[in-house]
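What the coordinates show
Residue strings, one per chain:
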Amino acid sequence: MKNLLLYALAGLLAAILCEGLGTGILKLLKTAKRGFAAPAGAAILFTVLEVFYMPCTVFHAPVLYAQIITIIALTAAAGVTIWQWKDTFRTFWQRDTIGILASAFLFVILIATAANLDAAVNALKSIQANSFSAHYYDSLYPLQGYRVLQAVLLRYMSPAENIMYSGVFYHLIFAAVCLNIMRTFRLKNPWFSFTLVVYALFYAAFRGWQLALAGSGANWRMVFIALLLWNLYCWIKDGNEQEKYVSMFYMAGGMFVSPGFGVISFQILYCLAAWLFKQQKVRSLFDITTLIVPHIIYASFQLCFAHPLAGFSLIAACMIFLRLRYQKKLRRLLWRAEDWMFDHGSLILYVIVPVSLMAVNLFLTIFFPSIPVSLASYKQFLHEEPVRSYLFLDQRITTYVLDVFRWGGMLLFLLHAKTKPHQQLRSMMLLMLVIFLNPLTMGVIARLVGTDVYGDCFEILFNPFTDLIFFIAIYHTFEWQPLGQWILELCLIAAVLIGHGASWLDLSQGLYTDYIKDDAKLVVHDTHTGS
């Protein structure tokens, strides 16, 4: 028990280092801190590790190389934290910190007394088996740096200790992300703000699947999806062009933790590009070619496995293009291409692409039925966590009640999206449903990206950012009608109390009853459970 508590404190220390790192880098990028900087710091740290881990996996370097890189990265983060120590600790001097620490304390108790850690332990054991070989290489997820980091950590701690350390670190970042999102909307009603904080810290962070895979890449993936969507929202809202560079860290950080995040973030960028061209935003093409850089670098290293020269040539070409686009000739070409997309982009991205995908899927289903993924798989995606808990499929009364508010909030949000950032988010959600999460296109898209990755893409619609923004949409609708607000607030508080109370009373309506029962079997959607 003492060892586990020490590793919990180590997870807290990692979050503090990320707060300092995020504070320093955001200051250099001249972007607003927006509450806690720890989520941005974690993304920056993961990005640095991913960049230096990728050559390690491509060329099958010794694990010692990864250890040295990890130590250097953590030392650099500590250096930035010391440099920014005043701003770093000033951030913690607020009421939100008390809520986060209280939530983390409960999380530590649950991890320390857990009876059902099989999924997380088995995943770490599979990584541990690789990590003690002379050269670390994971043939299933070769470029997923988070597994390399876990391999390094498992040289110094047991799987149980790793779960405590990684789990606490993840939980603190998750809590900070939720509070940052809430503070963006500057809620005027203190009681509603309090109930939403309680919901975010003590309900949204304690669902059984989150605890069963504590600190795994599957949990981190949802955090980075929320961060990316939130950051793009803030970019459109405030118009600070520096914000888009922070989005690149969130995309790279997501690729670090999940092998399918490249596809997820590409879909988000597609929807963003469609909206930017429709709005005829100046420098839209410049923005998209900037944001796509993490994908190009990631794809280049994937190409290196088969053709190293081609992979590094692609990276060089990308760097040359980014440099030359500031030159007059290339800049004029980009302007012409941008003007053309202003005229034709909406037709292509909103109509031609989805219709073409549906036509191809129908053609393959009729004439080559073995190629597209079966439509039955779509139903399976909807019945697995975390998606099922948003679709009235969770078999918990509290979840049913919250789902009524979620879907009601979604409807209100879609109908009353008046500001530009709301319109951008509405456009993205509708385009996701029409193109990428459409049963009529699922067969061909799932075949191209893989069924596991396709299942993860549903989290673009169901994540902490969309969850909170739908509740806030209800709040704004009933802003001058206290009864509507009271009903929502009471339901949020009741969900938290019932969820935790029923769990400890061994009732099926509990948030994490299965997690603390010896004979329970949790069903979690993530074939990359080791991630």
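Read on for a plain summary of the structure. (Residues numbered from 1 in each chain as written. Predicted model: local features only at pLDDT ≥ 70, side-chain atom pairs only at ≥ 80, totals over all residues. Heavy atoms only, no water.)

1. Overview of a nonpolar patch on the surface
A grouping of L362, F363, I366, F367, F368 and I371 is seen on the molecular surface, where their side chains present a nonpolar patch of about 610 Å² in accessible area. The residue F363 is located in helix 17 (residues 328–367) in this model. Exposure remark for F363: the relative accessible area of 43% places this residue in the partly exposed category. (Patch = residues over 30% accessible without salt bridge, like charges linked within 9 Å, V, L, I, M, F, W, Y side chains within 5 Å. Areas by Shrake-Rupley, 256 points an atom, 1.4 Å probe, with all protein chains shown as cover. Salt bridge = Lys/Arg side-chain N within 4 Å of Asp/Glu carboxyl O. Helix = DSSP H or I, 4+ residues; strand = E, 2+ residues; numbered from the N terminus. Buried < 20%, exposed > 50% of the residue type's maximum accessible area, 1.4 Å probe, protein only.)

2. Comments concerning the packing of aromatic side chains
Enumeration over the complete set of coordinates arrives at 35 aromatic pairs. Ring plane angle 90° and centroid distance 6.4 Å describe the contact between F46 and F169, whose orientation is recorded as edge-to-face. Note that F46 is positioned in helix 2 (residues 38–58) and F169 in helix 8 (residues 159–184), a separation of 123 residues in sequence. Each of the two residues, F46 as well as F169, counts as buried. Ring plane angle 5° and centroid distance 6.4 Å describe the contact between F202 and F206, whose orientation is recorded as stacked. In this structure, F202 and F206 share a single accessibility class: buried. Taken together through their ring pairs, the aromatic side chains of F46, Y53, Y146, F169, Y170, F174, W220, F224 and F256 make up a single cluster. Here the guanidinium or amino end of K278 rests over the ring plane of Y350, the centre of that ring lying 5.6 Å away. (Phe/Tyr/Trp six-rings, centres within 6.5 Å; stacked < 30°, edge-to-face > 60°. Lys NZ or Arg CZ within 6 Å of the ring centre and 35° of its normal.)

3. Focus on the environment of G311
As for its placement among the helices and strands, G311 is situated in helix 16 (residues 308–324). Classification of G311 as buried rests on a relative accessible area of 0%. Residues G311 and A214 lie 97 residues apart in sequence; the distance between their C-alpha atoms is 35 Å. Each residue touching G311, except ones within four places of it in the same chain, is listed here: S300, L303 and C304. (Contact = heavy atoms within 4.5 Å.)

4. Examining the packing of helix 11 (residues 217–238) against helix 20 (residues 420–436)
Running from N to C, helix 11 and helix 20 point in directions that differ by 140°, and their axes come no closer than 8 Å. Here helix 11 is positioned oblique relative to helix 20, judged by the angle of their axes. Like other packed secondary-structure pairs, helix 11 and helix 20 cross with a definite hand, here right-handed. Of the residues in helix 20, those in contact with L229, Y233, I236 and K237 of helix 11 are K420, P421, H422, Q424 and M428. Residue classes in the contact of helix 11 with helix 20 are distributed as five nonpolar, two polar and two charged. (Axes fitted to C-alpha atoms, helices over the stretch in contact; angles between N-to-C directions. Parallel < 35°, antiparallel > 145°, perpendicular 65-115°, else oblique. Left-handed = near helix turned anticlockwise from the far one by under 90°. Nonpolar A, V, L, I, M, F, W, Y, C, P; charged D, E, K, R; others polar.)

5. Looking at helix 9 (residues 190–202)
Look at helix 9: 18 Å from first C-alpha to last across 13 residues, which is about the 18 Å you get at 1.5 Å a residue. Counting buried positions along helix 9 yields 10 of 13 residues, so the element is predominantly enclosed. Those residues of helix 9 lying buried are F192, S193, T195, L196, V197, V198, Y199, A200, L201 and F202. Structurally, the start of helix 9 carries an N-cap: the backbone nitrogen of W191 is 3.0 Å from a side-chain oxygen of N189. (Expected span 1.5 Å × (residues − 1). Polar contact = N/O pair within 3.5 Å; in protein donor to acceptor, adjacent residues only side chain to side chain.)

6. Quick word on the packing of helix 23 (residues 464–477) against helix 24 (residues 482–504)
Across the interface, helix 23 lies against helix 24 with an axial gap of 9 Å and an inter-helix angle of 150°. On the basis of their axis angle, the class for helix 23 and helix 24 is roughly antiparallel. For the pair helix 23 and helix 24, the contacting residues are F471, I474 and Y475 in the first and Q485, L488 and L492 in the second. Here the residues of the contact of helix 23 with helix 24 sort into five nonpolar, one polar and no charged.

7. Points about the nonpolar core
Formed by 170 residues in total, the largest nonpolar core has its most connected members in L196 and F206. For this core, the element with the most residues is helix 8, which contributes 16 residues. With near-sequence residues (within four places) excluded, F206 lies in contact with S103, L106, F107, L110, H171, L201, L211, H500, L511 and Y512. (Core = buried A, V, L, I, M, F, W, Y, C linked by side-chain atoms within 4.5 Å.)

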